[in-house]
Amino acid sequence: MAEATAGAQGGWSMTQQHRTRSLAERAAGEREYMARSGIRTLINSLSGGVDSSTVAAISKQAAPDGALGLILPCSTPEEMKGERLQDVRDAERVAAHLGIPAVTIDLSDLWQQAAALFSAAARELAEKAGVPLEEERLQWAIHNMKPTLRIMTAGFFADTFRGLMMGTGNGVEYFLGYFSLRGDGISDRQPIRDCTKEEVRAMAASAGLPEDLVHRVPTAGLWPGQTDEGELGFSYADADRFLVWILNRHVAEPCLTTTLTVREESVEAILADPGLPVAAEVARRIIDQNRRTAFKRRAGDLEAMLAARGLAPGATGGRQE
């Protein structure tokens, strides 16, 4: 249970308890969903990161004999000798620790073949249409194929084993729109979508995962040296604090839309609030990230988040699907 204290501006102040479910409670919810839907397996893409490891732990408790793991490296040969090789080894450690059967499928050749094929076609289309092709954007698209290939692979295994693809996005990433719509965004289940990063780490620790994996530097592994915080420009700790605070503030004084997006007319008041839990320049970056990714979220996301965290009237912490 997390406690957050909101600031006092415009005549309001509050201390609001966030009631978040334990790993065991989340596993029970997934188990009930499986029984109700006739699902046999839960397909987990293991990266070695704390989010996928925590979701795998939930899956193992939910389906002791039905939790399956995929380790899906997708990189250049040079990267596979360094940090991406470490990803594979960490993912293998998670599978072994949790007792989840896992297979490794190297998607690197497929990714490189697709990148060459698609890039050539993109250049041809740009020439035919007279549309400028931005090289930087092309390279970004090439790297962003990785989560798409991984979710395609997970979908194949879900179909084959009468299962569901387990999503690994946490709540702060969802608020920030820091996920791929054509990757993890289309997973069948999202068991940690209401959680802060710190709450995910706490669940990972409760599952007995090794401390170095609980506190592993978050990265999507899209390019050499890439880290989540480096790409975002602020820390998860600050994003966690801001998310908890803004949800409290909204309960007292609405400032978010139903898509979990900061309202334009509320931005300056938020930045001027003396209770702001992070520096104003950091808050502005967080808000900008949230607002420019509004298209990734759906109507009803705010209400689901409030209910899942016990902030809606009568809520006790709901299931995220």
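Residues numbered from 1 in each chain as written. Predicted model: local features only at pLDDT ≥ 70, side-chain atom pairs only at ≥ 80, totals over all residues. Heavy atoms only, no water.

Draft legend 1. Spotlight on the overall build of the protein. Helix and strand content of the protein: 13 helices and 6 strands. Split into buried and exposed, the 321 residues of the protein put 53% on the buried side. Considering only intrachain contacts with a sequence separation of at least 6, the fraction spanning at least 24 residues in the protein is 74%. For the protein, the computed accessible surface area is about 14500 Å², with 55% contributed by carbon and sulfur atoms. (Helix = DSSP H or I, 4+ residues; strand = E, 2+ residues; numbered from the N terminus. Buried < 20%, exposed > 50% of the residue type's maximum accessible area, 1.4 Å probe, protein only. Contact = heavy atoms within 4.5 Å. Areas by Shrake-Rupley, 256 points an atom, 1.4 Å probe, with all protein chains shown as cover.)

Draft legend 2. Geometry of the pairing of strand S3 (residues 41-45). For S3, a buried count of 4 out of 5 residues is recorded, marking the element as mostly surrounded by other parts of the structure. Here 3 bridges tie S3 to strand S6 (residues 163-165), and the two strands are oriented parallel to one another. Of the residues in S6, the one forming a bridge with Ile43 is Met165. In this sheet, strand S4 (residues 67-71) lies alongside S3 in parallel orientation, the contact comprising 4 bridges. Each residue of the ladder has a partner; that of Leu42, found in S4, is Ala67. (Pairing = 2+ DSSP bridges.)

Draft legend 3. Structural view of the confidence of the model for the protein. Residues at a pLDDT of 70 or more form 89% of the protein, whose mean pLDDT is 90. Note that residues 1-14 has pLDDT below 50 and, in this model, 45 contacts with residues that lie over four places away or in other chains. (pLDDT = per-residue confidence, 0-100.)

Draft legend 4. The side chain of Thr153, seen in detail. Among the structural elements, Thr153 can be located in helix H5 (residues 135-160). Of note is the side chain of Thr153, whose polar atom sits 2.8 Å from the backbone oxygen of Leu149. (Polar contact = N/O pair within 3.5 Å; in protein donor to acceptor, adjacent residues only side chain to side chain.)

Draft legend 5. Examining the pattern of salt bridges more closely. The tally for this structure, following the rule as stated, stands at 21 salt bridges. The residue Arg216 makes a salt bridge to Asp90 at a minimum N-O spacing of 2.9 Å. A residue pair is termed long-range when its members are at least 10 positions apart, and Arg216 in the loop between helix H8 (211-214) and helix H9 (228-232) and Asp90 in helix H3 (residues 83-98) qualify at 126 residues. Classification of Arg216 as buried rests on a relative accessible area of 13%. The partner of Asp273 in a salt bridge is Arg249, and the shortest N-O contact between them spans 3.0 Å. With a gap of 24 residues between them, Asp273 in the loop between helix H11 (267-272) and helix H12 (280-292) and Arg249 in helix H10 (residues 236-252) connect regions that are remote in the sequence. (Salt bridge = Lys/Arg side-chain N within 4 Å of Asp/Glu carboxyl O.)

Draft legend 6. Focus on the environment of Asp109. Its place among the elements puts Asp109 in helix H4 (residues 108-129). We classify Asp109 as exposed; its relative accessible area is 54%. In the structure, Asp109 is positioned 34 residues away from Ser75 in sequence and 8.4 Å away in space, judged by C-alpha atoms.

Draft legend 7. Spotlight on the nonpolar core. Ranked by internal contacts, the top residues of the largest apolar core, which has 33 residues, are Leu42, Leu46, Val94, Leu98 and Ile192. Of all elements in the fold, only helix H1 (23-37), helix H2 (50-62), S4, H3, helix H7 (197-206) and H8 reach the threshold of two or more residues within this core. Per element, the largest residue contribution to this core is 6 residues, and it comes from H2. Apart from residues no more than four positions distant in its own chain, Leu46 is found in contact with Ser52, Ala56, Gly69, Leu70, Ile71, Ala91, Val94, Ala95 and Ala102. Ranked by size, the runner-up nonpolar core spans 32 residues in total, among them Phe179, Leu247, Val267 and Ile286. (Core = buried A, V, L, I, M, F, W, Y, C linked by side-chain atoms within 4.5 Å.)

Draft legend 8. Spotlight on the packing of aromatic side chains. On inspection of all chains with the given rule, the structure shows 5 aromatic pairs. Centre to centre, the rings of Phe157 and Phe161 are 6.2 Å apart; their planes meet at 15°, and the pair counts as stacked. On the accessibility criterion, Phe157 (18% relative accessible area) is buried. One aromatic cluster is present, formed by Phe156, Phe157 and Phe161 through successive ring pairs. Sitting over the ring of Tyr33, Arg189 keeps its end group 3.7 Å from the ring centre. Looking at Lys296, its charged tip hangs above the ring of Phe179, at a distance of 5.2 Å from the centre. (Phe/Tyr/Trp six-rings, centres within 6.5 Å; stacked < 30°, edge-to-face > 60°. Lys NZ or Arg CZ within 6 Å of the ring centre and 35° of its normal.)

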